[in-house]
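The lines below spell out each chain.
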Amino acid sequence: MDHLSADDHGLIAPVSLPRDGMAPGKLSGPDEYDAFFRIHYDDVSDAAWARQALAVTRKVADDLRDSSLGEAERADLLDGMNLLLQHALALTAGR
């Protein structure tokens, strides 16, 4: 079993990138990645981060009802949301 089939978990096959994590030929960089995924770097309190996580997961859950995702994909998404919400709870509950 090669590393690609071991890592795909039934999803789209992974894309290989050079060690610097960018597409060859300087087509994109960290700014494009962050813009695509709407990542912002800022000092944020645990409570503020947890509120953001709750807001995003609420919107994703609302959109999930009308999505075209299959049952397995929905289950995977909900598993990921569960992990995120557990982390948010741990942060705000003082572990």
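Up top you'll find the structure we're talking about.
Residues numbered from 1 in each chain as written. Predicted model: local features only at pLDDT ≥ 70, side-chain atom pairs only at ≥ 80, totals over all residues. Heavy atoms only, no water.

### Overview of the overall build of the protein chain
Each helix and strand in the protein chain was counted, giving four helices and zero strands. Listing every helix and strand of the protein chain by position from the N terminus yields α-α-α-α. Sorting the 95 residues of the protein chain into buried and exposed places 12% on the buried side. Nonlocal contacts in the protein chain, meaning residues at least 24 apart in sequence, comprise 43% of its contacts between residues at least 6 apart. For the protein chain, the exposed area adds up to about 8,200 Å²; of that, 57% sits on carbon and sulfur atoms. (Helix = DSSP H or I, 4+ residues; strand = E, 2+ residues; numbered from the N terminus. Buried < 20%, exposed > 50% of the residue type's maximum accessible area, 1.4 Å probe, protein only. Contact = heavy atoms within 4.5 Å. Areas by Shrake-Rupley, 256 points an atom, 1.4 Å probe, with all protein chains shown as cover.)

### Regarding the side chain of Thr57
Its place among the elements puts Thr57 in helix H3 (residues 46–64). For Thr57, a relative accessible area of 6% gives the class buried.

### Digging into the packing of H3 against helix H4 (residues 71–92)
It is the contact of H3 with H4, at a shortest axis distance of 9 Å, that shows an interaxial angle of 160°. One finds that H3 runs roughly antiparallel with respect to H4. For the pair H3 and H4, the crossing hand works out as left-handed. Side by side, H3 and H4 meet where Asp46, Ala47, Trp49, Ala50, Ala53, Leu54, Thr57, Val60, Ala61 and Leu64 of the first sit next to Arg74, Leu77, Leu78, Met81, Leu84, Leu85, His87, Ala88, Leu91 and Thr92 of the second. Its residues assigned to classes, the contact of H3 with H4 shows 15 nonpolar, three polar and two charged. (Axes fitted to C-alpha atoms, helices over the stretch in contact; angles between N-to-C directions. Parallel < 35°, antiparallel > 145°, perpendicular 65-115°, else oblique. Left-handed = near helix turned anticlockwise from the far one by under 90°. Nonpolar A, V, L, I, M, F, W, Y, C, P; charged D, E, K, R; others polar.)

### Focus on the side chain of Arg74
The residue Arg74 is located in helix H4 in this model. Buried Arg74, no salt bridge; nearest opposite-charge side chain is Glu71, N-O distance 4.7 Å. Leaving out residues up to four positions away in the same chain, Arg74 has contacts with Leu64, Arg65, Ser67 and Leu69. (Lys, Arg positive; Asp, Glu negative; His and termini not counted. Salt bridge = Lys/Arg side-chain N within 4 Å of Asp/Glu carboxyl O.)

### Concerning H3
When the terminal C-alpha atoms of H3 are compared, their 26 Å separation across 19 residues agrees well with the 27 Å that a helix rising 1.5 Å per residue should span. All of the buried residues in H3 are Ala48, Ala50, Ala53, Thr57 and Leu64. (Expected span 1.5 Å × (residues − 1).)

### Side note on H4
For the α-helix, the turn length of 3.6 residues means that residues three or four positions removed from each other point alike. For H4, with 22 residues, the first-to-last C-alpha span of 31 Å sits near the 32 Å given by 1.5 Å per residue. For H4, every residue scored as buried is listed here: Arg74, Met81, Ala88 and Leu91. Seen along its axis, H4 keeps its buried residues to an arc of 105°; they face one direction. When the buried face of H4 is taken as reference, the exposed residues oriented beyond 90 degrees from it are Glu71, Ala72, Leu83 and Leu89. Residues of H4 that are buried make contact with H3. The positive-phi residue at the C-terminal boundary of H4 is Gly94, with phi of around 75°. (Arc of directions from axis to C-beta.)

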